[in-house]
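Architecture and fold: a report
Letter by letter, the chains look like this.
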Amino acid sequence: MENLNVDSASTTNSKDDKIKDAKIIFVVGGPGSGKGTQCEKIVAKYGYTHLSSGDLLRAEVASGSDRGKHLQAIMQKGELVPLDTVLDMIKDAMIAKADVSKGFLIDGYPREVKQGEEFEKKIGKPSLLLYVDAKGETMVKRLMKRGETSGRSDDNEETIKKRLDLYYKATEPVIAFYESRGIVRKVDSELAVDDVFAQVCKAVDAL
């Protein structure tokens, strides 16, 4: 039995080694900031893998796996998914793509400083925090416009403003934390998409 344990430990270590030196970019930006568009462009140009914690959770639930069923039960109660579970999912997704990916865009995460610290303990340090910054009123306008066609019930002005409020409260300490380490690059998302991407490229090229 002891041999089995040693084997499984060494397998875990070799999997961890796959992502040990990976380039990791945290992508932060409010709803409607345009960070999704910028992530798509980074993937196309640089061959990075785009991982959104929300998408991973939804995909896991849709897969019908045991973990997915467990997550669905937690979310149906309106509870938050445990941080360890989110990190395990991100890590699994990174390991699965390690051989073909030039780096990883971690989107919408960390939402608080503690999450960033846990990510570093369990997975690795980010090379960069890319802050896609747009004014509050710009984000409201963009989301209202999206609401005209999306049919999303949360794309109305009152709900949007609440979401932005929550976003600012949660994100400011995270940005300050990584600014103290000198790895934040802020891009002005008020500009045209390609002009924003030119700023993004400068930040990524400098890694």
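All of these numbers come straight from a predicted model, not from anything done at the bench.

**Quick look at the packing of aromatic side chains**
Aromatic ring pairs are described here by two measures, namely the spacing of the ring centres and the angle between the planes. Tallying each qualifying case throughout the model produces six aromatic pairs. Geometrically, the ring pair formed by F26 and Y178 is edge-to-face, given 5.8 Å between the ring centres and 75° between the ring planes. With F26 in strand β1 (residues 24-28) and Y178 in helix α8 (residues 157-179), this pair connects stretches of sequence that are 152 residues apart. This pair shows no difference in class: F26 is buried, exactly as Y178 is.

**Some points on the UniProt feature "binding site: ATP" (unreviewed entry) in the protein chain**
According to UniProt, the positions carrying the feature "binding site: ATP" (unreviewed entry) are G32, S33, G34, K35, G36, T37, R146 and L191. Along the chain, G32 turns up in the loop between β1 and α2 (35-46). The residues touching G32, leaving out its near neighbours within four places in the chain, are M139, R142 and L143. For G34, the location among the structural elements is in the loop between β1 and α2. The class of G34 is partly exposed, set by a relative accessible area of 26%. With near-sequence residues (within four places) excluded, G34 lies in contact with V132, R142 and S189.

**Observations regarding the pattern of salt bridges**
In this structure the tally under the stated criterion is 15 salt bridges. Here K186 makes a salt bridge to D133, at a shortest N to O gap of 3.6 Å. One end of the pair, K186, is in strand β5 (residues 184-188); the other, D133, is in strand β4 (residues 128-133), with 53 residues separating them in the sequence. Note that E158 is salt-bridged to K162, the shortest N-O span being 3.8 Å. In this pair, E158 and K162 are both assigned in helix α8, four residues apart and thus about one turn of the helix distant.

**A word on the sheet that holds β4**
Read from one edge of the open sheet, five strands run β2-β3-β1-β4-β5, paired in parallel fashion. Across the chains shown, the open sheet's two edge strands, defined by having one partner strand only, are β2 (49-52) and β5. With strand direction ignored, the average angle separating the axes of adjacent strands in the sheet is 25°. Taken together, the four bridges between β2 and strand β3 (residues 104-107) define a ladder with parallel strand orientation.

**With respect to the side chain of T49**
Counting through the fold element by element, T49 comes out in strand β2. Look at T49 and you get buried, because its relative accessible area is 13%. Looking at T49, its side chain comes within polar contact range of the side chain of S101, at 2.7 Å. In this structure, T49 is in contact with K97, S101, G103, F104 and L105, ignoring residues within four places of it in sequence.

Thresholds, definitions, all that
- Residue positions are given per chain, counted from 1 along the sequence in the order it is written.
- Thresholds applied to this predicted model are a pLDDT of at least 70 for local features of residues and 80 or more for the giving and counting of side-chain atom pairs; totals over whole chains, interfaces and linings are not thresholded and use all residues.
- Working from all heavy atoms in the structure, the side-chain values ignore hydrogens and water.
- Centres within 6.5 Å are what make two rings of Phe, Tyr or Trp a pair, Trp counting through its six-membered ring; a difference in plane orientation under 30 degrees is then read as stacked, over 60 as edge-to-face, and the rest as tilted.
- The helix count covers DSSP runs of H or I at least four residues long, the strand count covers runs of E at least two residues long, and both are numbered beginning at the N terminus.
- A simple rule labels every residue: compare its accessible area, found with a 1.4 Å probe on the protein chains alone, to the largest value its type can have, and call it buried under 20%, exposed over 50%, or partly exposed in between.
- UniProt positions are given in the numbering used here, feature names are shortened, and annotations may be inferred rather than shown by experiment.
- Between two residues, a contact is recorded if the distance between any of their heavy atoms is within 4.5 Å.
- Salt bridge criterion: a side-chain nitrogen from Lys or Arg within 4 Å of a carboxyl oxygen from Asp or Glu.
- When DSSP finds two or more bridges between a pair of strands, those strands are recorded as paired.
- Between the N-to-C directions of two axes lies an angle of 0 to 180 degrees, each axis being a line fitted to C-alpha atoms and, for a helix, fitted only over the stretch in contact.
- Polar contacts, as counted here, are pairs of nitrogen or oxygen atoms within 3.5 Å of one another; within protein the pair requires one atom able to donate a hydrogen and one able to accept it, and residues that are adjacent in sequence qualify only if both atoms are side-chain atoms.

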